[in-house]
Amino acid sequence: KAGVTQTPRYLIKTRGQQVTLSCSPISGHRSVSWYQQTPGQGLQFLFEYFSETQRNKGNFPGRFSGRQFSNSRSEMNVSTLELGDSALYLCASSPDGGSRVGEQFFGPGTRLTVL
Amino acid sequence: QQQVKQSPQSLIVQKGGISIINCAYENTAFDYFPWYQQFPGKGPALLIAIRPDVSEKKEGRFTISFNKSAKQFSLHIMDSQPGDSATYFCAATFSGGYQKVTFGTGTKLQVIP
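Keep in mind the model is a prediction, meaning the values are calculated, not measured.

A. Summary view of unusual backbone geometry. Across the junction of Thr7 of chain A and Pro8 of chain A, the peptide omega takes the value -10°, indicating a cis bond. Secondary-structure assignment places Pro8 of chain A in the loop between β1 (5-7) and β2 (10-13). Cis peptide bonds are those with omega within 30 degrees of zero, and the linkage from Ser7 of chain B to Pro8 of chain B qualifies with -5°. Positive phi is not limited to glycine here, since Ser51 of chain A has a value of about 50°.

B. Main features of the sheet that holds strand β1 (residues 4-7) of chain B. All names here are of chain B. The five strands lie next to each other as β1-β3-β8-β7-β6, forming an open sheet whose pairing is antiparallel. Each of the sheet's edge strands pairs with one partner strand only, and the pair in question is β1 and β6 (56-59). Shown here is a sheet whose adjacent strand axes are inclined to one another by a mean of 15°, direction ignored.

C. Highlighting the nonpolar core. Counting 24 residues, the largest nonpolar core has Val4, Phe33, Trp35, Phe73, Leu75 and Tyr88 of chain B as its most contacted members. Those elements that provide at least two residues to this core are β2 (10-14), β3 (19-25), β4 (33-38), β5 (45-50), β7 (62-67), β8 (72-77), β9 (86-92) and β11 (107-112) of chain B. Sort the elements by how many residues they give to this core and β9 of chain B lands first, with four residues. Counting residues in hydrophobic clusters, the runner-up holds 21 residues, among them Leu21, Trp34, Met76 and Val78 of chain A.

D. Highlighting the packing of aromatic side chains. In this structure the tally under the stated criterion is 17 aromatic pairs over all chains. Summarising the aromatic geometry, the rings of Tyr35 of chain A and Phe45 of chain A are spaced 5.7 Å apart at their centres and angled 70° between planes, so their arrangement reads as edge-to-face. Within this pair, whereas Tyr35 of chain A is found in strand β4 (residues 31-38), its partner Phe45 of chain A is found in strand β5 (residues 42-50), the two being separated by ten residues in sequence. Assigned by exposure class, Tyr35 of chain A and Phe45 of chain A land together as buried. Relative to Phe66 of chain B, the ring of Phe33 of chain B has its centre 4.8 Å away and its plane inclined at 50°; by these criteria the two rings are tilted. Pair noted here: Phe33 of chain B is in strand β4 and Phe66 of chain B is in strand β7, with a separation of 33 residues, a long-range link. The buried category is assigned to Phe66 of chain B, whose relative accessible area is 8%. A connected cluster of aromatic rings, assembled from ring pairs, spans Tyr35, Phe45 and Phe106 of chain A together with Tyr36, Phe89 and Phe103 of chain B.

E. Quick look at the sheet that holds β1 of chain A. All names here are of chain A. Pairing within the open sheet is antiparallel, and its four strands lie in the order β1-β3-β8-β7. Unpaired on one side and paired on the other, β1 and β7 (64-68) mark the two borders of the sheet. Here the strands of the sheet are splayed against their neighbours by 20° on average, with no regard to which way each runs.

F. Structural view of the environment of Glu59 of chain B. Residues and elements named next belong to chain B. With respect to the helices and strands, Glu59 occurs in strand β6. A C-alpha to C-alpha distance of 10.0 Å links Glu59 and Ile77, two positions 18 residues apart in sequence. Other than its neighbours up to four places away in sequence, Glu59 contacts Leu47 and Ile48.

G. Fine view of a nonpolar patch on the surface. All names here are of chain B. Together, Ile18, Ile20 and Met78 line one region of the surface with nonpolar side chains, adding up to about 240 Å² of accessible area. Relative to the assigned elements, Ile18 resides in the loop between β2 and β3. The exposure class assigned to Ile18 is partly exposed, which follows from its relative accessible area of 47%.

Definitions and cut-offs
- Residues numbered from 1 in each chain as written.
- Chains lettered and ligands numbered in written order.
- Predicted model: local features only at pLDDT ≥ 70, side-chain atom pairs only at ≥ 80, totals over all residues.
- Heavy atoms only, no water.
- Helix = DSSP H or I, 4+ residues; strand = E, 2+ residues; numbered from the N terminus.
- Pairing = 2+ DSSP bridges.
- Axes fitted to C-alpha atoms, helices over the stretch in contact; angles between N-to-C directions.
- Core = buried A, V, L, I, M, F, W, Y, C linked by side-chain atoms within 4.5 Å.
- Buried < 20%, exposed > 50% of the residue type's maximum accessible area, 1.4 Å probe, protein only.
- Phe/Tyr/Trp six-rings, centres within 6.5 Å; stacked < 30°, edge-to-face > 60°.
- Contact = heavy atoms within 4.5 Å.
- Patch = residues over 30% accessible without salt bridge, like charges linked within 9 Å, V, L, I, M, F, W, Y side chains within 5 Å.
- Areas by Shrake-Rupley, 256 points an atom, 1.4 Å probe, with all protein chains shown as cover.
- Salt bridge = Lys/Arg side-chain N within 4 Å of Asp/Glu carboxyl O.

See below:
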């Protein structure tokens, strides 16, 4: 099976712009989670989608939003970018449920730099 | 109550030595504790996981020790190798809930020859 893919891998934007990141989960996985990783804050949970519905949301401002499509692919959008949004954005998919709950498979991430 | 505290922040171990990373949690509802390993430029990868009904789980050179009463768990890497140099994250979640995983802050391990 192919792993989790994320596009683009690198992005450079300026303050005030908006950005859309894409994630394709492992085939058959219906749960997709997004995380922000920074050196100072570690891995911070953004939100989780399952069957096109947001099931969980972290403590991020409304500028951060996401969605999931019927094929489980997911996108996250950040509007009105701020310098502090510079981070590695990671997507993780999961088979969900059963004994493997909590087992997440991460993509390589999208490195976002805001200038 | 959702926090997972991880220590140390960084660790230098000689090749062949034992690397020990500790984590503590507060929420007793957590019932699944995975460890992730992350190499530079890569996303985290699941290394080993444990449930609180066992006190220890071993997979190769990696062992998780779990102390339910103290709400602590630790990762031991035996015979540490330079290839183990990476950042390690402990995590906790609820098997009855959704995929909301709470991560520790990470430990950067460097194994020197």
